[in-house]
Amino acid sequence: MMGEPSRDPDEQNTETLPVPVDPDNDTETGPGRHRRGQRRPIIAPWLHSYATARAAVASRLGFYWHITLFHLTRVPLYVVRLAGRSPRGLSRVTLAASRWILHTESRSLRRSALEAAETEQYLKIMRDHDRRVRLRVLLALGLLLVAGTGFAVLLAQCPVWTQYAVVASLVGALGWVGSPADAPIVGSATVETRYVRLTSDAVTRALLSLGIGGMKDAAAIGFPAPITRDGLGWRADIDLPPGITAADVIERRAKLASALSRPLGCVWPEAAPGIHPGRLVLWVADQDMATTRKPVWPLAKSGVVDLFAAQPFGTDPRGRWVHVTLMFASVIIGALPRIGKTVALRLLLLVAALDVRAQLHVYDLKGTGDLDALRAVAHRYRAGDDDDDIAYALDDMRALSRDLVRRAKVIRGLPRDLAPENKITPALAGNSRLGLHPVVIGVDECQRWFEHPEHGAEFASICEDLVRRGPAVGIMLLLATQRPTSKSIPTDISSNAIIRFALKVLGQVENDVILGTSAYRNGNRATLFSRRDLGIGLLVGEDDDTRTVHVSYVTRAQADAITARARALRETAGRLSGYAADEDPTPAEHERPGSSLLPDLLTAFRGEARAWSETLTGALAELRPDAYTGWGPAQLSAALRPYGVRSRQVWGTDPVSCEGANRRGFQLADVRAALDAQKGGSG
């Protein structure tokens, strides 16, 4: 075109040709590409643990054993059916034999030739028919002769049991032939379902049916590994289309189960965070998780616990054990009533009970006695939410709050070689002189504390501090509620909990109160469980992944046996204290200033400069039986605490054995000083 400036050919090529940005294909070939890929396991996943392997083998053997017993118990019924249908079988055999002998299959050919007036063809067919009939008649007569001879020999020569066996076989064969197609002799030992195994076609169709935008092409769904058996189910690793995450599928679990024609409790989609957000791991169980037989809790009959190590809490959908580490962790458990919340809390407290170093503070605010088994080992225990129970708990929580400060000072003052990271170690926890033993506080129906009209704010303040700073100094708070809201568990408490376990809840708010903000939006939805999923929930905080866990169920009788074992361990180690050792403080009238406790105690010393606590309580009971009968060393210590009188090691002589020993007791001088201070204050 006229007037258009000329361009250099090299410039034209530079502007029109695209610049290559993708690497050469050669760089993605060779062994390097395979080294970067995810390695498939050498051993099948279901063989990685003894528990899953045993469960898989037991399931298979149990299936065949069930079939064997099912049919053995129905042998008499099968015999009756065969005998009853043998006449019909005989008639069917006779009719079939007569049709074969008479060559009835040529009847249509003869009729066709006759109707077409093809005389020559008709005669040819008839000659062939007559020849076949004569031959078959001879064969039938020969067979009848052989059968008759054999039957005669059977009657004359064979023993009776052989005769019965032959007759039974003939009757059975005739009965089998005489059975209708829709009424077989042998029934099925199992109820057949529409599914047998998981296939890529079935998974692809199910994913496409979810209605997720951007997932409409089957070719965009990939399977990086074969679908294989994994324990008591099938595992499929799936690469979702670009832009689709595993959470998009997880939140549609119910629709996915429907598309796969499986019960909801059989379908468990999971994310694979270690790979990429679009990798989905789909595990489909052979049986609903709620009805699958669960293994016995490993600590039910034997074993001790180290709270610094992970302990078994329950099993995941594949039957693998899921562990929880209680040390340095606070816990929140929430669910609807009668779903398994208290069972989960009790199991964690039983774990703590089997560590002799752990000091348990147990509060059953529901008051039904569900945690009564822990009384045998608890340092503090109350069931109920009466005024006395609330006062008792508040006094204990105040003491724990003060102990938190003390522990922090002790840890801060330890040599660097004993506490290199300023943290409690197993050795420090076992040193009773330091007082850094683990403290585990279990509170069922904790909303009764936080919603208390008078002390709710103080309970919330103390628990918030314990949740924030307590785990670092060995104080672990375990809270359980059936009404998870911001009032029943204040936000400052729930947001600082480390381990969270949510069983069936009704809505998004309850879900996020337990599992954390945005848990529902991220696909962690305890709302998807049904009311029949007892003890099944989502566990968050033990590791990076959210785990579906079926809590190990421990019956009341089993819990009693476990705590009896734990009590024996504590008695041997000299670690039994508080409520379990009958040293639980009980509020009494003598705790109030102005009472006669201090003057009475001066009398109880009987002129001695020091005395054991049990000696003083005995003397007090003799002095005022109505006021002091039933008092023990713990009650006396609690009653003297408001006056600033503390127990100490006191040397004394046992009046029975006449042997000297050091025991807890009081100094006469301390009591006199407290009495003088009381008089001075009143004056």
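In short, a report on the structure. Just so we're clear, the structure is a prediction, and the values are computed from it rather than from any experiment.

### Here's the deal with the overall build of the protein chain
Of the regular secondary structure elements, the protein chain holds 23 helices and 17 strands. For the protein chain, the proportion of contacts with a sequence separation of at least 24, taken over those separated by at least 6, is 66%. On the protein chain, roughly 37,500 Å² of surface is accessible, and the fraction owed to carbon and sulfur atoms is 56%.

### Some words on the sheet that holds strand β15 (residues 610-612)
Ordered by their spatial adjacency, three strands build an open sheet running β15-β17-β16, and the pairing between neighbours is antiparallel. The sheet terminates laterally at β15 and β16 (648-653), the two strands that pair on one side only. Within this sheet the neighbouring strands show an average axis-to-axis angle of 60 degrees, counted without direction. As paired strands, β15 and strand β17 (residues 660-667) are joined by three bridges and run antiparallel to one another.

### A few points about the pattern of salt bridges
A full pass over the atoms with the stated rule returns 32 salt bridges. A salt bridge links R357 to D355, with the shortest nitrogen-to-oxygen separation between them at 2.9 Å. Each of the two residues, R357 as well as D355, counts as buried. A salt bridge links E464 to R468; the nearest nitrogen and oxygen atoms lie 3.0 Å apart. Residue E464 and its partner R468 are located together in helix α15 (residues 456-469), separated by four residues, close to a single helical turn. Each of D316, R320, D543 and R547 takes part in salt bridges that share partners, so that together they form one network.

### As for the environment of S552
Following the sequence through the fold, S552 ends up in the loop between β14 (547-551) and α18 (556-573). Assessed through its relative accessible area of 6%, S552 is described here as buried. The sequence separation of S552 and P298 amounts to 254 residues, and the corresponding C-alpha distance is 9.4 Å.

### Details of a nonpolar patch on the surface
On the surface, W65, L69, L72, V75 and V79 cluster together to form a nonpolar patch covering roughly 490 Å² of accessible area. Looking at the nonpolar patch, the elements with two or more residues in it are α3 (50-72) and α4 (75-101). Per-element accounting of the nonpolar patch gives the leading share, three residues, to α3. Tracing the chain through its elements places W65 in helix α3.

### Looking at the packing of helix α11 (residues 341-353) against α18
Packing of α11 against α18 brings their axes to within 9 Å, and their N-to-C directions diverge by 20 degrees. With respect to each other, α11 and α18 are oriented roughly parallel. Crossing hand, α11 versus α18: left-handed. In this structure, α11 contributes R346, L350, A352 and A353 to the contact, and α18 contributes R556, A559, I562, T563, A566 and R570.

### As for the sheet that holds strand β2 (residues 233-239)
Across the sheet, four strands lie side by side as β1-β2-β4-β3; this open sheet has antiparallel pairing. The open sheet has two free edges, formed respectively by β1 (228-229) and β3 (267-271), since each of these has just one partner strand. Of the pairings in the sheet, the one linking β3 to strand β4 (residues 279-285) comprises five bridges and is antiparallel in character. Considered in β4, the bridge of W268 is made with W283.

### Considerations on helix α17 (residues 508-515)
All of the buried residues along α17 are N511, D512, V513, I514 and L515. Looking one or two residues beyond α17, the residue adopting positive phi is G516, at roughly 110 degrees.

### A few points about the side chain of R407
Looking at where R407 falls in the secondary structure, it is placed in helix α12 (residues 387-413). In this structure the side chain of R407 is engaged in a polar contact, spanning 2.7 Å, whose partner is the side chain of D403. Reaching out from R407, the side chain makes a polar contact with the backbone oxygen of G435 at a distance of 3.5 Å. Not counting the four nearest positions on each side in its chain, R407 is found in contact with I424, G435, L436, H437, V439, V473, G474 and I475.

### Things to note about the packing of helix α19 (residues 597-605) against helix α20 (residues 613-623)
Two quantities define a packed helix pair, namely the angle between the axes and the distance from one axis to the other. Close contact between α19 and α20 brings their axes to 9 Å; oriented N to C, the two are set at 110 degrees. The angle between α19 and α20 places the two elements in the roughly perpendicular class. Of the two elements, α19 crosses α20, and the hand of that crossing is right-handed. Residues D600, L601, T603, A604 and F605 of α19 lie in contact with α20, whose contacting residues are L616, A619, L620 and L623. Tallied by class, the residues present in the contact of α19 with α20 amount to seven nonpolar, one polar and one charged.

### Side note on unusual backbone geometry
One non-glycine residue, E445, lies in positive phi territory at about 60 degrees. Here E445 lies in the loop between β10 (439-444) and α14 (447-450). Relative accessible area serves as the criterion here: at 3%, E445 is assigned to the buried category. One non-glycine residue with positive phi stands out, namely D582, at about 60 degrees. If you trace the backbone, D582 turns up in the loop between α18 and α19.

### Description of the packing of aromatic side chains
Two aromatic rings, taken as a pair, are described by how far apart their centres are and by the angle between their planes. Taken as a whole, this structure holds six aromatic pairs when the rule is applied. The interplanar angle of 75 degrees and the centroid separation of 5.7 Å between the aromatic rings of F308 and F328 together place this pair among those described as edge-to-face. Taken together, the positions of F308 in the loop between β4 and β5 (311-315) and F328 in the loop between β6 (321-324) and β7 (331-334) put the pair 20 residues apart, joining distant regions of the chain. On the basis of relative accessible area, F328 is assigned to the partly exposed category, the value being 27%. Pairing F313 with F501 gives two aromatic rings, centres 5.3 Å apart and planes at 85 degrees, and the pair type is edge-to-face.

Rules and cut-offs
Residues numbered from 1 in each chain as written. Predicted model: local features only at pLDDT ≥ 70, side-chain atom pairs only at ≥ 80, totals over all residues. Heavy atoms only, no water. Helix = DSSP H or I, 4+ residues; strand = E, 2+ residues; numbered from the N terminus. Contact = heavy atoms within 4.5 Å. Areas by Shrake-Rupley, 256 points an atom, 1.4 Å probe, with all protein chains shown as cover. Pairing = 2+ DSSP bridges. Axes fitted to C-alpha atoms, helices over the stretch in contact; angles between N-to-C directions. Salt bridge = Lys/Arg side-chain N within 4 Å of Asp/Glu carboxyl O. Buried < 20%, exposed > 50% of the residue type's maximum accessible area, 1.4 Å probe, protein only. Patch = residues over 30% accessible without salt bridge, like charges linked within 9 Å, V, L, I, M, F, W, Y side chains within 5 Å. Parallel < 35°, antiparallel > 145°, perpendicular 65-115°, else oblique. Left-handed = near helix turned anticlockwise from the far one by under 90°. Polar contact = N/O pair within 3.5 Å; in protein donor to acceptor, adjacent residues only side chain to side chain. Nonpolar A, V, L, I, M, F, W, Y, C, P; charged D, E, K, R; others polar. Phe/Tyr/Trp six-rings, centres within 6.5 Å; stacked < 30°, edge-to-face > 60°.

Don't take any of this as a statement about function, it's just geometry.
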